[in-house]
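# Per-entry structural report
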Amino acid sequence: QVRLVESGGGSVQAGGSLRLSCTSSGRALTTYGLGWFRQAPGKERELVAAIDYSGNTTAHADPVKGRFTISRDNAKNAVNLLMNSLKPEDTGDYYCAAPPGPYGTVWTIKDVRYWGQGIQVTVSS
């Protein structure tokens, strides 16, 4: 079973950076494509970025393109989200997500089978 655990959230001023990390306390993530989603208060959960199991293909939502980068660190069994030039509108709970089985990827919320518990990111102006 895949048990996702996020880390690295916190509070930062606008223009600052944070790096989120997603690891698994269960099955290794090296054969899973993963995604990062976020949910702002009063809004629906949305995809921020996704990466396939090989790390060769990534996707970033338009609002974060050029500022956020998703990457894999298989040696640490982790998928990271580097967030630069943060804006107040990036504030929300960030969730790591995995598909039902290996070699799949979460390109949309419908592809998600496993969720992490979420981690808070707050960007102040």
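Described below are features of the structure shown in this document.

## Re the packing of aromatic side chains
In the structure shown here, the tally under the stated rule is 3 aromatic pairs. Between Y53 and Y103, the aromatic rings sit 5.0 Å apart at their centres with planes inclined by 90 degrees, giving edge-to-face as the arrangement. Placement of the pair is Y53 in the loop between β5 (46-51) and β6 (58-60) and Y103 in the loop between β9 (92-98) and β10 (114-115), with a sequence separation of 50 residues. With centroids separated by 6.1 Å and ring planes inclined at 85 degrees, the aromatic side chains of Y95 and W115 adopt a geometry described as edge-to-face. Taken together, the positions of Y95 in strand β9 and W115 in strand β10 put the pair 20 residues apart, joining distant regions of the chain. Overall, the relative accessible area of 13% leaves Y95 in the buried class. What links up through ring pairs into an aromatic cluster is the set F37, Y95 and W115. Across the ring face of Y95, the terminal group of R45 is positioned such that the distance to the ring centre comes to 3.6 Å.

## Overview of the environment of V2
Within the fold, V2 resides in the segment before β1 (4-7). For the pair formed by V2 and A98, sequence separation is 96 residues and the distance between their alpha carbons is 7.9 Å. Dropping the residues within four chain positions of it, V2 is found in contact with S24, R27, L29, Y32, A98 and Y114.

Definitions and limits used
- Residues numbered from 1 in each chain as written.
- Predicted model: local features only at pLDDT ≥ 70, side-chain atom pairs only at ≥ 80, totals over all residues.
- Heavy atoms only, no water.
- Phe/Tyr/Trp six-rings, centres within 6.5 Å; stacked < 30°, edge-to-face > 60°.
- Helix = DSSP H or I, 4+ residues; strand = E, 2+ residues; numbered from the N terminus.
- Buried < 20%, exposed > 50% of the residue type's maximum accessible area, 1.4 Å probe, protein only.
- Lys NZ or Arg CZ within 6 Å of the ring centre and 35° of its normal.
- Contact = heavy atoms within 4.5 Å.

It is worth stressing that arrangement in space is one thing and function is another; only the former is reported here.
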